[in-house]
Structures are given as C-alpha cells and as structure tokens.
Amino acid sequence: MDMQYRNLGRAGLRVSCLGLGTWVTFGGQVTDQVAEEMVTLAYESGINLFDTAEVYAGGKAEIVLGKILKQKNWRRSSYVVTTKIFWGGKSETE
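Structural notes, computed from the coordinates.

About the cut-offs
- Residues numbered from 1 in each chain as written.
- Predicted model: local features only at pLDDT ≥ 70, side-chain atom pairs only at ≥ 80, totals over all residues.
- Heavy atoms only, no water.
- Helix = DSSP H or I, 4+ residues; strand = E, 2+ residues; numbered from the N terminus.
- Buried < 20%, exposed > 50% of the residue type's maximum accessible area, 1.4 Å probe, protein only.
- Contact = heavy atoms within 4.5 Å.
- Core = buried A, V, L, I, M, F, W, Y, C linked by side-chain atoms within 4.5 Å.

Here's the deal with the side chain of T22
Counting through the fold element by element, T22 comes out in the loop between β3 (20-21) and α1 (32-44). Take T22: its relative accessible area is 1%, and that puts it in the buried class. Each residue touching T22, except ones within four places of it in the same chain, is listed here: D51, T52, Y56, A61 and L65.

Considering the environment of K67
Mapped onto the fold, K67 is located in helix α2 (residues 60-72). In sequence terms K67 and E36 are 31 residues apart; their C-alpha atoms lie 9.2 Å from each other.

A short note on the nonpolar core
Proteins that are soluble and globular tend to have nonpolar side chains buried together. The biggest cluster of nonpolar side chains holds 16 residues, and the ones touching the most others in it are L20, F26, V39, F50, L65, I68 and L69. At five residues, the largest contribution of residues to this core is made by α2. Aside from chain neighbours lying at most four places away, what touches I68 is F26, D32, A35, E36 and V39.

What follows is the structure, given as structure tokens:
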C-alpha cells in the first residue's frame, strides 16, 4: 500500500499520514545506528513526518534525529520535523 498524505492548511505543506516519533527510543533505548536505520526505512517508505521533543531521553532524541537528518543530506523540503516543548524540563536542548 502506498503512503497517503494530507495537506496541512492552505500553505501546501503535505505530510504523511504516518510519522516516526523518537520518544525516549532515540538517545536512550536504541543505538544511534539503529535509530538511523529506522529513520532511513521510514523515509524510504514514504514517511516524511518526524516527531520529537526537547525532553525525550533528556534532550538526546532531538540531537540524534538532527544528526541523522544532517548526515542523510536529504532535501530539506522533503521532510517535516515537529517538536514539543515542556516548560520546566532540564534537558540540554531546552
């Protein structure tokens, strides 16, 4: 089955109906290599939405995802990164 996409608002931004979240997995439960394999598989399967937050794995999830995306050198317009901020957290990316 092909990936389905939805438009967000009227700006023409299209996101995949499925996204890959980093939660505490990236920077905590899996190695950076496994995280890179997950991101690559997701992207190659049509997922263009990657979600993270500054408190996931104490800030490490954002760092790991950022390094992966930089290393991949994919067109920046080909994916969307969402993040959330938790007021009062103590992560290094806060």
